[in-house]
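Architecture and fold: a report
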Amino acid sequence: MKQALDSKVLSVLEDKIQLIKTEKGAIYLVGPIRLPVNLYGETVEFKWYCWLNCEEVTEDFERIIDKLSSVNLAEFQQSSVLVYGDFEYADDAIIRFHSICHTGDIFGSKRCDCGFQLKQSMKMITEHGNGALFYLANHEGRGIGLFSKAMAYVLQENGYDTVEANQGLGFVDDARNYDDAIQVLRAIRKKPVTLMTNNPKKLQALKNAGLEVSGRQPLWGDVSEYNEKYLQTKIQKSGHLEDEGTCPNE
Ligand SMILES: [Zn+2]
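Bear in mind that the values here come from a model prediction, so they are computed numbers and not experimental data. (Residues numbered from 1 in each chain as written. Predicted model: local features only at pLDDT ≥ 70, side-chain atom pairs only at ≥ 80, totals over all residues. Heavy atoms only, no water.)

A separate point is the pattern of salt bridges. Counting across every chain of the model gives nine salt bridges. With a closest N to O distance of 3.6 Å, E127 and K123 form a salt bridge. Taken together, the positions of E127 and K123, both in helix 4 (residues 114-128) and four residues apart, correspond to about one turn of that helix. Here K123 falls in the partly exposed class, since its relative accessible area comes to 30%. Note that D174 and R176 form a salt bridge whose closest N and O atoms lie 2.8 Å from each other. (Salt bridge = Lys/Arg side-chain N within 4 Å of Asp/Glu carboxyl O. Helix = DSSP H or I, 4+ residues; strand = E, 2+ residues; numbered from the N terminus. Buried < 20%, exposed > 50% of the residue type's maximum accessible area, 1.4 Å probe, protein only.)

We now examine the state of the cysteines. All told, the structure shown has zero disulfides when counted by the stated rule. Of the cysteine sulfurs around C50, a residue in no disulfide, the closest is that of C54, at 12 Å. (Disulfide = S-S within 2.5 Å.)

Our focus in this paragraph is the pairing of strand 3 (residues 42-54). Taken together, the twelve bridges between strand 2 (residues 26-39) and strand 3 define a ladder with antiparallel strand orientation. Among the inter-strand pairings, I33 is bridged to a residue of strand 3, identified as W48. Where strand 2 folds back on strand 3, the antiparallel hairpin that results is connected by two residues, among which Y40 adopts a positive phi of roughly 50°. (Pairing = 2+ DSSP bridges.)

Relative to the helices and strands, H98 resides in strand 5 (residues 94-99). One polar contact links H98 to D105, side chain to side chain, over a distance of 3.1 Å. Once you skip the residues sitting within four places of it in the chain, H98 turns out to touch D105, C114, Q117, L118, L133, F134, Y135 and L136. (Polar contact = N/O pair within 3.5 Å; in protein donor to acceptor, adjacent residues only side chain to side chain. Contact = heavy atoms within 4.5 Å.)

This part covers the packing of aromatic side chains. Applying the stated criterion to the full structure yields five aromatic pairs. Each ring, one from F46 and one from Y84, has its centre 5.4 Å from the other, and the planes form 55°; the classification is tilted. Of this pair, F46 sits in strand 3 while Y84 is found in strand 4 (residues 79-84), placing the two residues 38 residues apart along the sequence. On the accessibility criterion, F46 (2% relative accessible area) is buried. Clustering of aromatic rings is evident, with ring pairs tying together W51, F97, F134 and Y178. Positioned above the aromatic ring of Y153, the side-chain terminus of R111 is 4.0 Å from the ring centre. Directly above the ring of F87 sits R189, whose terminal nitrogen or CZ lies 5.6 Å from the centroid. (Phe/Tyr/Trp six-rings, centres within 6.5 Å; stacked < 30°, edge-to-face > 60°. Lys NZ or Arg CZ within 6 Å of the ring centre and 35° of its normal.)

Judged by side-chain polarity, V9, V12 and L13 come together as a nonpolar surface patch covering roughly 220 Å² of accessible area. Within the element layout of this structure, V12 appears in helix 1 (residues 7-14). By relative accessible area, which is 52% here, V12 ends up exposed. (Patch = residues over 30% accessible without salt bridge, like charges linked within 9 Å, V, L, I, M, F, W, Y side chains within 5 Å. Areas by Shrake-Rupley, 256 points an atom, 1.4 Å probe, with all protein chains shown as cover.)

Of all six residues in strand 4, five are buried; the element is thus mostly enclosed. In this structure, strand 3 lies alongside strand 4, joined through five bridges in antiparallel fashion. Residue W48 lies in a different strand from strand 4, and its bridge partner there is L82. For strand 4 and strand 6 (residues 131-136), the ladder comprises five bridges, and the chain directions are antiparallel. Each residue of the ladder has a partner; that of S80, found in strand 6, is Y135.

See the structure below:
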């Protein structure tokens, strides 16, 4: 028989959990949690939130906590957000919706520019004074998953570009969805945001979802012989904007 949840555990946690109702059910957002981060050798203090999608909608958080040990969450990676400064109330805040990239973010792969964009956006947020970095765990390989991405890389080593490779495996070029991240953003900030991206489609997706976007900040860099073709495909096929002075075609 399962043991009842310790009342102290529940009382500590329930103050830090927020219920966000969605069309499919609910998002449970936990945080803020203190997260000191090593950013280019300096310790920077962020606040961290993580969220979980559930069909069950309840404000009785004990029901949700009770399920955690039996639902294998490690098999389904969750998304999270790093917040810096007075994010909720500051007039101007910059944000990034970063798609998880196992090879780029963790291993530092130079086949793409994700690792650079991740660190650079954290740096830009701290320099700006406030902002948020959403780390979207179901976006691997533009939403095709890590294993399929490995197969797409095999195709890319055989002459396919990134778009052709995803399509060759039966996927649409870009299967990413930002709905959950937008819901979370709305829960932690009410004012407009500036989006760090080179991708006008991402900007449009957020505007279509009713998000108030006050501008766009480009995020190019770390161009090398290994990712030049990948970056060119982003511009030529996926409609990414070339920003003056930072054009990867140079
Ligand atoms: Zn990447």
